[in-house]
Amino acid sequence: AALAADDARFARVQRVWRRLILANADLCPETTRDAGFTLHSLNSYPVEMREAAVRRFAIDARPAAAFLAPDSAAAQAGLRDGDAIVSVNGQSVRQARLNRRTRERDRAVADAAEKLGEALEGDAPITLEIARDGETRTIAFTPEQACASRLILARDDRVNAAANGRAVAITTGMARYLETDAELAVVLGHELAHNTLAHRDRQRDTTRPGRWGGTAAGLILGAATGVFIDFGAMAARGSQDMRLTFEREADYVGLYYAARAGFDTAGVETFWRRFAADYPASTYLTRSHPTAGERFLAIAAAQDEIDAKRAANVPLAPNPSAESQP
């Protein structure tokens, strides 16, 4: 039951994330291509879940495709969930033995993810050699363009999300807390906006490395495919005004990302009202974030702007501002 819930949560987050990075590729300053699936192996799961993982996924220690999007080019070419990845564009993928050390990085999946990530950076078709039912097959496909950021879903009960310039991380606690796909899209869109607006680079001189999410392992989903890793975000020392400006920009642009991806964002600002009730400290201005009430009002105003653009039949894109230029 725990694995089934885990599986459903990962699938939901990837589905929403993929819609965001595909729909907004034309607004992202850096793009890559979306494979349409992630990678996992038996090593990717805690020891206590592995027996259930074998039954549910029929996987072993080899890197295998997971959470395959049915409409992706890879799926249309014949890839299936559970197919073991033998090679990527002729480069053999590291084969691993089962490791019981759950904190150790899944090196075989990391190797497969690295090779697939390199292939996604080009524009040529990708050829996978896969193993299925004791047979080896070859599958070729051309992925779609997508925003370059990758996603990490961290097994962590805390309600949190973060971005580090290259990746977006969200905890399973946050994924559970977000009641609708539109709410999830707005939170993921907010973190994606931090990356696309180059907020980390713009505050690089006033930041220091920090820890986020403890040592929780996460699964990278989306354009960069997947591997379980530790994720460290950046804790800022920058000015309060700079951090608050970045948060407001990310709220505004992230809402556009969600709307452009086809999510019904009308009324989504009520998330902040619920969040303020459940986490009263969010009602106060902090060094790095506006109050929940301010964010409620700002997102509602941005939604009115989106609705007006739709009514006027003008392109749905965030209004440029001097502050939002990288």
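Keep in mind the model is a prediction, meaning the values are calculated, not measured.

**So, the overall build of the chain**
For step 1, the next point in the chain: In terms of helices and strands, the chain carries 10 helices and 15 strands.
For step 2, the next point in the chain: Expressed as a percentage of contacts within the chain between residues at least 6 apart in sequence, the contacts between residues at least 24 apart total 70%.
For step 3, the next point in the chain: With an accessible surface of roughly 14,800 Å², the chain has 49% of that area assigned to carbon and sulfur atoms.

**Overview of the pattern of salt bridges**
Two side chains bearing opposite charge may form a pair once their charged atoms approach each other closely.
For step 1, the next point in the chain: Evaluation of the coordinates by the stated rule reveals 20 salt bridges.
For step 2, the next point in the chain: In this structure, Glu144 and Arg18 form a salt bridge, with 3.1 Å as the shortest nitrogen-oxygen distance. Separated by 126 residues along the polypeptide, Glu144 in strand β8 (residues 144–147) and Arg18 in helix α1 (residues 2–23) bring together distant segments of the chain.
For step 3, the next point in the chain: On the accessibility criterion, Glu144 (37% relative accessible area) is partly exposed.
For step 4, the next point in the chain: On the basis of relative accessible area, Arg18 is assigned to the buried category, the value being 6%.
For step 5, the next point in the chain: The partner of Arg274 in a salt bridge is Glu179, with the nearest N and O atoms 3.5 Å apart. Highlighted residues: Arg274 in helix α9 (residues 270–278) and Glu179 in the loop between α5 (172–177) and α6 (181–196), separated in sequence by 95 residues.
For step 6, the next point in the chain: Note on Glu179: relative accessible area 56%, which makes it exposed.
For step 7, the next point in the chain: One network of salt bridges, in which partners are shared, links Arg18, Asp34, Asp71 and Glu144.

**A look at the packing of α1 against helix α2 (residues 50–57)**
For step 1, the next point in the chain: Their axes nearest at 9 Å, the elements α1 and α2 cross at an angle of 60°. Judged by the angle between their axes, α1 and α2 are oblique. Here the hand of the crossing between α1 and α2 comes out right-handed. Where α1 approaches α2, its residues Leu3, Ala4 and Asp7 are matched on the opposing element by Ala52, Ala53, Arg56 and Phe57.
For step 2, the next point in the chain: Grouping the constituent residues of the contact of α1 with α2 by class yields five nonpolar, no polar and two charged.

**Focus: the state of the cysteines**
For step 1, the next point in the chain: In total, this model carries one disulfide according to the counting rule given.
For step 2, the next point in the chain: Here Cys28 engages in a disulfide with Cys147; their sulfurs sit 2.0 Å apart. Looking down the S-S bond of the Cys28 and Cys147 bridge, the torsion is 70°, so its handedness is right-handed. In this pair, Cys28 sits in the loop between α1 and β1 (31–34) while Cys147 sits in strand β8, placing the two residues 119 residues apart along the sequence.

**Some words on unusual backbone geometry**
It is generally the case that most residues other than glycine have a negative phi and that most peptide bonds are trans.
For step 1, the next point in the chain: Phi at Asn89 is positive, roughly 50°, even though this residue is not glycine.
For step 2, the next point in the chain: The topology assignment puts Asn89 in the loop between β4 (84–88) and β5 (91–92).
For step 3, the next point in the chain: Positioned with a positive phi, Asp133 is a non-glycine residue whose angle comes to about 55°.
For step 4, the next point in the chain: Asp133 sits in the exposed class, given a relative accessible area of 69%.

**Concerning the packing of aromatic side chains**
For step 1, the next point in the chain: All told, the structure shown has 10 aromatic pairs when counted by the stated rule.
For step 2, the next point in the chain: The rings of Tyr177, Phe271, Trp272, Phe275 and Tyr279 are connected pair by pair, giving a single aromatic cluster.
For step 3, the next point in the chain: It is Arg19 that lies over the ring of Phe263; its NZ or CZ is 3.7 Å from the centre.
For step 4, the next point in the chain: Directly above the ring of Tyr177 sits Arg274, whose terminal nitrogen or CZ lies 5.0 Å from the centroid.

**Section: a negative patch on the surface**
For step 1, the next point in the chain: Taken together, the side chains of Glu30, Glu114, Glu118 and Glu121 define an acidic patch exposed on the protein surface.
For step 2, the next point in the chain: In this fold, Glu114 is placed in helix α4 (residues 107–121).

**Details of the nonpolar core**
For step 1, the next point in the chain: Among the nonpolar cores identified, the biggest contains 49 residues, and Leu20, Ile170 and Leu188 are the most heavily contacted of them.
For step 2, the next point in the chain: Looking at this core, the element that brings in the most residues is α6, giving eight residues.
For step 3, the next point in the chain: If we ignore the near neighbours within four places in the chain, the residues touching Leu188 are Val13, Val16, Trp17, Leu20, Leu151, Val168 and Ile170.
For step 4, the next point in the chain: Listed in part, the 21 residues of the second largest apolar core include Ala35, Val93, Val109 and Leu116.

**Brief notes about the environment of Lys309**
For step 1, the next point in the chain: Structurally, Lys309 can be placed in helix α10 (residues 292–312).
For step 2, the next point in the chain: A relative accessible area of 12% means that Lys309 is categorised as buried.
For step 3, the next point in the chain: Among all residues touching Lys309, those that are not within four sequence positions of it are Tyr256, Val314, Pro315, Leu316, Ala317, Pro318 and Asn319.

**Some remarks on the confidence of the model for the chain**
For step 1, the next point in the chain: Per-residue confidence for the chain gives a mean pLDDT of 83; residues scoring 70 or more make up 82%.
For step 2, the next point in the chain: Long-range and interchain partners of residues 205–237, a stretch whose pLDDT sits below 50, account for 125 contacts in this model, where long-range means more than four residues apart.
For step 3, the next point in the chain: Taken as a whole, residues 322–326 scores under 50 in pLDDT and shows 12 contacts with residues more than four places along the chain or in a different chain.

**What about the pairing of strand β11 (residues 167–171)?**
For step 1, the next point in the chain: The element β11 is extensively covered by neighbouring structure, given that five of its five residues are classed as buried.
For step 2, the next point in the chain: Residues Ala167, Ala169 and Thr171 line one face of β11 and the alternating positions Val168 and Ile170 line the opposite face, and both faces are buried.
For step 3, the next point in the chain: The pairing of strand β9 (residues 150–154) with β11 spans five bridges and is classified as parallel. Looking at the pairing, Leu151 lines up with Val168 of β11.
For step 4, the next point in the chain: Between strand β10 (residues 161–163) and β11, which follow one another and run antiparallel, lie three residues, and Gly165 among them has a positive phi close to 100°.

Rules behind the numbers
The residue numbers shown here count from 1 along each chain, following its written sequence. Local features in a predicted model are, by the rule used here, given only for residues with pLDDT of at least 70; side-chain atom pairs are given and counted only at 80 or more, and totals for whole chains, interfaces and linings are based on all residues. Side-chain measures here rest on the full set of heavy atoms in the structure, leaving out hydrogens and waters. Numbering of helices and strands runs from the N terminus, with a helix taken as a DSSP run of H or I at least four residues long and a strand as a DSSP run of E at least two residues long. It only takes one pair of heavy atoms within 4.5 Å for two residues to be counted as in contact. Residue exposure ignores everything except the shown protein chains as possible cover, and the areas themselves are Shrake-Rupley values with a 1.4 Å probe. When a carboxyl oxygen of Asp or Glu is within 4 Å of a side-chain nitrogen of Lys or Arg, the pair counts as a salt bridge. Relative accessibility decides the category of a residue: with a 1.4 Å probe and only protein chains considered, values under 20% of the type maximum give buried, values over 50% give exposed, and everything between is partly exposed. Helix axes are fitted only over the stretch in contact, all axes being lines through C-alpha atoms; the angle between N-to-C directions runs from 0 to 180 degrees. Relative orientations are named as follows: roughly parallel for angles under 35 degrees, roughly antiparallel for angles over 145 degrees, roughly perpendicular for angles from 65 to 115 degrees, and oblique for any other angle. Note: crossing handedness is left-handed where the near helix turns anticlockwise from the far helix by less than a right angle, and right-handed where it turns clockwise. Charged residues are taken to be Asp, Glu, Lys and Arg, nonpolar residues to be Ala, Val, Leu, Ile, Met, Phe, Trp, Tyr, Cys and Pro, and polar residues to be all remaining types, Gly included. Only a pair of cysteine sulfur atoms within 2.5 Å counts as a disulfide in this structure description. Any Phe, Tyr or Trp ring, taking Trp's six-membered ring, that has another such ring centre within 6.5 Å forms a pair; planes under 30 degrees apart are called stacked, those over 60 apart edge-to-face, and the others tilted. Whether a charge sits over a ring comes down to the Lys NZ or Arg CZ being within 6 Å of the ring centre and within 35 degrees of the ring normal. Exposure above 30% relative accessible area and the absence of a salt bridge qualify a residue for a patch, where like charges join within 9 Å and nonpolar side chains (Val, Leu, Ile, Met, Phe, Trp, Tyr) within 5 Å. His is not counted, nor are the chain ends; Lys and Arg add positive charge and Asp and Glu add negative charge. The atoms used to mark charge sites are NZ of Lys, CZ of Arg, CG of Asp and CD of Glu. Grouping buried Ala, Val, Leu, Ile, Met, Phe, Trp, Tyr and Cys residues that are joined through side-chain atoms within 4.5 Å yields what is termed a nonpolar core. Looking at any residue, its pLDDT shows the predictor's confidence there, from 0 to 100. Criterion used throughout: strands pair if DSSP finds at least two bridges between them.

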